[in-house]
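Topology and contacts: notes
The residues making up each chain are set out below.
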Amino acid sequence: MKKKEVVITTIIGRDAECNGDFNSESSVRVDGCINGNVTVADTLIIGATGSINGDIFAKSAVVGGEVNGNISVSERVELTSTARLMGDIVTTLIVIDEKAIFQGRCDMNQEISGKRPKPNAKSIRASRKNSREAISEALKDVESTDVDVPEISENSGATQEM
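A separate point is the environment of Val38. Structurally, the position occupied by Val38 is in strand E6 (residues 38–40). We classify Val38 as buried; its relative accessible area is 1%. For the pair formed by Val38 and Phe57, sequence separation is 19 residues and the distance between their alpha carbons is 6.2 Å. If we skip the residues at most four places from it in the chain, Val38 touches Phe22, Leu44, Ile52, Asp55, Ile56 and Phe57.

Laid out in structure tokens, this is it:
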């Protein structure tokens, strides 16, 4: 699946500060500070130096900076490793990088039924294949690092006579 290319029409620069609610009918990148609610019709990108103190409403959002407020997005929210979010998220899809900070609640907008769907055989095989590949990659990474691993001799744990 190809990623949709985002065309940014508005940039709030690193030294810019916007006080009050902000609205846009297209995609926006924020590297400065917005003190107010933000409504974007398409994609909102918050750079590592960007901050928003208010609620966010957008089609999709990529957060690399700081947000103090709730995020409500119809498609996808991504919190990068530099993201700091203090607030709740409502979305249909979420991606959170390993070092992102997220303190709040997440609602995935999915109805909960009494039954859990049974996975089909094809998805199980694909999942196993992906797991094997991940394990293989992890083992390659471990083998390539310079870590001293003590050797275990056959007599380990046994007392030696002198």
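Attention shifts here to the sheet that holds strand E5 (residues 33–35). Within the open sheet, the 6 strands sit side by side as E2-E5-E8-E10-E12-E15. Their pairing is parallel. In this open sheet, the two edge strands, each paired with only one partner strand, are strand E2 (17–19) and strand E15 (101–103). The average angle at which neighbouring strand axes cross in this sheet is 5 degrees, direction not considered. In this structure, strand E8 (residues 51–53) lies alongside strand E10 (residues 66–68), joined through 3 bridges in parallel fashion. Bridging across to E10, Asn53 finds its partner in Asn68.

On inspection of all chains with the given rule, the structure shows 4 salt bridges. Here Arg29 ties to Asp31 by a salt bridge, and the two come within 3.0 Å at their closest N and O atoms. By relative accessible area, which is 28% here, Arg29 ends up partly exposed. The partner of Lys59 in a salt bridge is Glu75, and the shortest N-O contact between them spans 3.9 Å. Of this pair, Lys59 sits in strand E9 (residues 56–63) while Glu75 sits in strand E11 (residues 71–79), placing them 16 residues apart in sequence.

Glancing now at the pairing of strand E4 (residues 27–30). Two elements, strand E1 (residues 8–12) and E4, share 4 bridges in a ladder whose sense is parallel. Bridged to Ile8 within E4 is Ser27.

Quick look at the confidence of the model for the chain now. When pLDDT is averaged across the chain, the result is 82; 67% of the residues are at 70 or more. Across residues 156–162 the pLDDT falls below 50, and counting only partners more than four positions away or on other chains, this stretch makes 0 contacts in the model.

A few words now on the pairing of E9. Pairing analysis gives 2 bridges linking E6 to E9, with the strands arranged parallel. Following the sheet pairing, Thr39 is matched in E9 by Phe57. By the bridge criterion, 4 bridges tie strand E7 (residues 43–46) to E9 in an arrangement that is parallel. When the sheet's bridge partners are listed, Thr43 is paired in E9 with Ser60. Here E9 pairs with E11 via 7 bridges, running parallel. Bridge pairing in E11 links Ala61 to Val77.

Our focus in this paragraph is the nonpolar core. In terms of nonpolar packing, the biggest core is built from 23 residues, with Val38, Leu44, Ile56, Ile71 and Leu79 touching the most fellow members. Looking at this core, the elements that each hand over two or more residues are E4, E6, E7, E9 and E11.

What counts as what
- All residue numbers here refer to positions counted from 1 along the written sequence of the relevant chain.
- The model is predicted, so local features are restricted to residues of pLDDT at least 70 and side-chain atom pairs to those at 80 or more, both for listing and for counting; the totals for chains, interfaces and linings are taken over all residues.
- Excluding hydrogens and water, the side-chain figures rest on all heavy atoms present in the structure.
- Think of it this way: any DSSP run of H or I at least four residues long counts as a helix, any run of E at least two long counts as a strand, and we number them from the N terminus.
- Burial classification: accessible surface area is computed with a 1.4 Å probe over protein chains only, and a residue below 20% of its type maximum counts as buried, one above 50% as exposed, and the rest as partly exposed.
- Note on contacts: a residue pair is in contact if any heavy atoms of the two residues lie within 4.5 Å.
- Pairing between two strands is assigned when DSSP locates at least 2 bridges connecting them.
- Only the contacting stretch of a helix is used when fitting its axis, a line to C-alpha atoms as for every element, and angles between N-to-C directions run 0 to 180 degrees.
- Salt bridge criterion: a side-chain nitrogen from Lys or Arg within 4 Å of a carboxyl oxygen from Asp or Glu.
- Every residue gets a pLDDT, meaning the predictor's confidence in that residue, from 0 to 100.
- We call a set of buried Ala, Val, Leu, Ile, Met, Phe, Trp, Tyr and Cys residues a nonpolar core when their side-chain atoms join them within 4.5 Å.

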